[in-house]
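# Fold and geometry: a report
Residues per chain, in single letters:
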Amino acid sequence: MKRLYWTQPDTLDAEVVVTALEDGRVTTDPVLFHPDEGGQPPDLGTIGEANVLGVEVVDGQIVHRLDRPLSDGRYVARVDRPRRQHTASHHTAQHIISGIAQERFGLKTTGVHIGLERCTVDFDRKIEWDTVTALEREVMEVVTLDVAVETLFDQADVRVRDELKPIEAGVIRVVKIGAWDQSACCGAHVRTTGRIGMVRLCDIESKKDGTRVFFLAGRKALDCSQQETNVLRELRKAASCSTGELLATFEKAQAQARDLTKEVARLWTQMLPGLAASAQVLGVQSSKVGVQVAEIPPQLVAKLAGLIAEATEGTGIAVSGTRIAISSRTLDAAALLKTIQNAAGGKGGGSPGAANGNLGRAVTADEILTLLKN
Ligand SMILES: [Zn+2]
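What you see is a predicted model; the values in this text were computed from it and never measured. (Residues numbered from 1 in each chain as written. Predicted model: local features only at pLDDT ≥ 70, side-chain atom pairs only at ≥ 80, totals over all residues. Heavy atoms only, no water.)

### Comments concerning helix H3 (residues 129–144)
- When the terminal C-alpha atoms of H3 are compared, their 23 Å separation across 16 residues agrees well with the 22 Å that a helix rising 1.5 Å per residue should span.
- Here H3 has its buried residues at Thr131, Val132, Leu135, Glu136, Val139, Val142 and Val143. On an axial view of H3, the arc spanned by its buried residues comes to 135 degrees, and they lie on one face. Residues of H3 that are exposed and angled more than 90 degrees away from the buried face: Asp130, Arg137, Glu141 and Thr144.
- Contacts from the buried residues of H3 go to helix H2 (81–105), strand E8 (119–123), strand E10 (173–177) and strand E12 (199–207). (Helix = DSSP H or I, 4+ residues; strand = E, 2+ residues; numbered from the N terminus. Expected span 1.5 Å × (residues − 1). Buried < 20%, exposed > 50% of the residue type's maximum accessible area, 1.4 Å probe, protein only. Arc of directions from axis to C-beta. Contact = heavy atoms within 4.5 Å.)

Put into structure tokens, the structure is as follows:
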């Protein structure tokens, strides 16, 4: 089986000999399409008039799943160029990242994912951002040196990053990127590292004992950097400061917001006794019930009900918007809430001492007093 993507990664269209299998599946000679293998998504494209929907390794053969059957013969095969550029660039970038991480920082690669949207390398140790930044710089050095990505066959004596395993019938393929990486691999790569264009290590995530690094290459890396540049520009505009001053500006705004929240809470606490004193009061079953409907923060409604109950030495009902709280020393608060909710709707409950919940609509103090009178 001649895998053209191993030795001629730039050949993305060529005439191939098709052998038809059952269910619209075919094999080709040579093989242009990289299969779904080794964590790299399959190539897509066309063979003759047929679209390639998937490529997989079945019993050592590379099998193409097509949208229509093809009979045996010669056809022109075309690999989807942008998709291959994406997978091959990211895969080659991963080789460089893993090779340098091992050689320079003693980090062993424990997992790799090359996705169409997200690419990651997992390392065996915890690392911090200064290591990531240094690693990114060294990776970009290798990209700008435009080093050849070579394929070596059956060189069992080469020192490689990972275990040497035959890929098919005794074939051992080693991918070599100058002095930076040598590893056994079955994937598709770019011909030289300069083709990657750009590599960004965008984020890290702690994994058990190790670290997951999210990276992007080529066009995706540029898209990500431009998006971040746009966000920074908008933030600078909103905060009227330079990029370097953004963090300090943000922290100052957070501190101010915290102070203001405290101040507002303090002012409300001062105002609540006045609202409790001005509640409308009604006698129910020889007990006093005070009702106050006012726009106050939802978390203070129960406190206001308690203050009214204290002031009337009976029952306090406080409402803000559709939020209601009842505090009672003499009547059954839960039963009162139910009476009001029977008329106004809503959900909630509680005990004889205290009940709270929401009403289905806004109510007035007069409406509640009329309900309680009856
Ligand atoms: Zn590879």
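That shown, we press on.
### Quick word on the coordination of the zinc ion
- Protein coordination at the zinc ion: the donors are His91 (NE2), His95 (NE2), Cys185 (SG) and His189 (NE2), at 1.9 to 2.1 Å from the metal.
- With four donor atoms in place around the zinc ion and angles of 98 to 125 degrees between them, the coordination shape is tetrahedral.
- For the zinc ion, the donor residues sit on a single chain with the sequence spacing H-x3-H-x89-C-x3-H. Of this pair, His95 sits in helix H2 while Cys185 sits in the loop between strand E11 (181–184) and E12, placing them 90 residues apart in sequence. Across the pair, exposure class does not vary: His95 and Cys185 are buried alike. (Donors = N, O, S within 2.8 Å, 3.2 Å for Na, K, Ca; no water. Tetrahedral: all angles 85-135°; square planar, octahedral: opposite > 155°, others 65-115°.)

### A look at the packing of helix H5 (residues 246–277) against helix H6 (residues 301–312)
- Closest axis-to-axis distance for the H5/H6 pair is 9 Å, and the angle between their directions is 45 degrees. If you check the angle between H5 and H6, you find them oblique. Relative to H6, the crossing made by H5 is right-handed. Along its contact with H5, which presents Thr269, Leu272, Pro273, Leu275 and Ala276, the element H6 presents Lys303, Leu304, Leu307 and Ile308. (Axes fitted to C-alpha atoms, helices over the stretch in contact; angles between N-to-C directions. Parallel < 35°, antiparallel > 145°, perpendicular 65-115°, else oblique. Left-handed = near helix turned anticlockwise from the far one by under 90°.)

### Considering a nonpolar patch on the surface
- Where nonpolar side chains cluster on the molecular surface, the patch consists of Val231, Leu232 and Leu235 and spans about 230 Å² of accessible area.
- In this structure, Leu232 sits in helix H4 (residues 218–239). (Patch = residues over 30% accessible without salt bridge, like charges linked within 9 Å, V, L, I, M, F, W, Y side chains within 5 Å. Areas by Shrake-Rupley, 256 points an atom, 1.4 Å probe, with all protein chains shown as cover. Salt bridge = Lys/Arg side-chain N within 4 Å of Asp/Glu carboxyl O.)

### With respect to unusual backbone geometry
- Here the amide bond leading from Asp29 into Pro30 is cis, since omega sits at -5 degrees, within 30 degrees of zero.
- Backbone geometry at Lys208 places phi at a positive 35 degrees, although glycine is not the residue there.
- Along the polypeptide, Lys208 turns up in the loop between E12 and strand E13 (210–217).
- For Lys208, a relative accessible area of 82% puts it in the exposed group.
- Even without glycine at this site, Glu313 takes up a positive phi of about 50 degrees.
- Among the secondary structure elements, Glu313 is positioned in the loop between H6 and strand E16 (315–320).

### Things to note about the side chain of Ser98
- When you line up the elements, Ser98 lands in helix H2.
- Beyond its immediate stretch of four places on either side in the chain, Ser98 contacts Thr109, Val121 and Arg161.

### A short note on the packing of H2 against H3
- Direction vectors running N to C along H2 and H3 enclose 120 degrees, while the axes themselves pass 10 Å from each other. Considering the angle they form, H2 stands oblique to H3. Viewed along their axes, H2 and H3 form a crossing whose handedness is right-handed. Facing H2, whose interface residues are Ile96, Ile97, Ile100, Ala101, Arg104 and Phe105, H3 presents Thr131, Ala134, Leu135, Glu138, Val139, Val142 and Val143.

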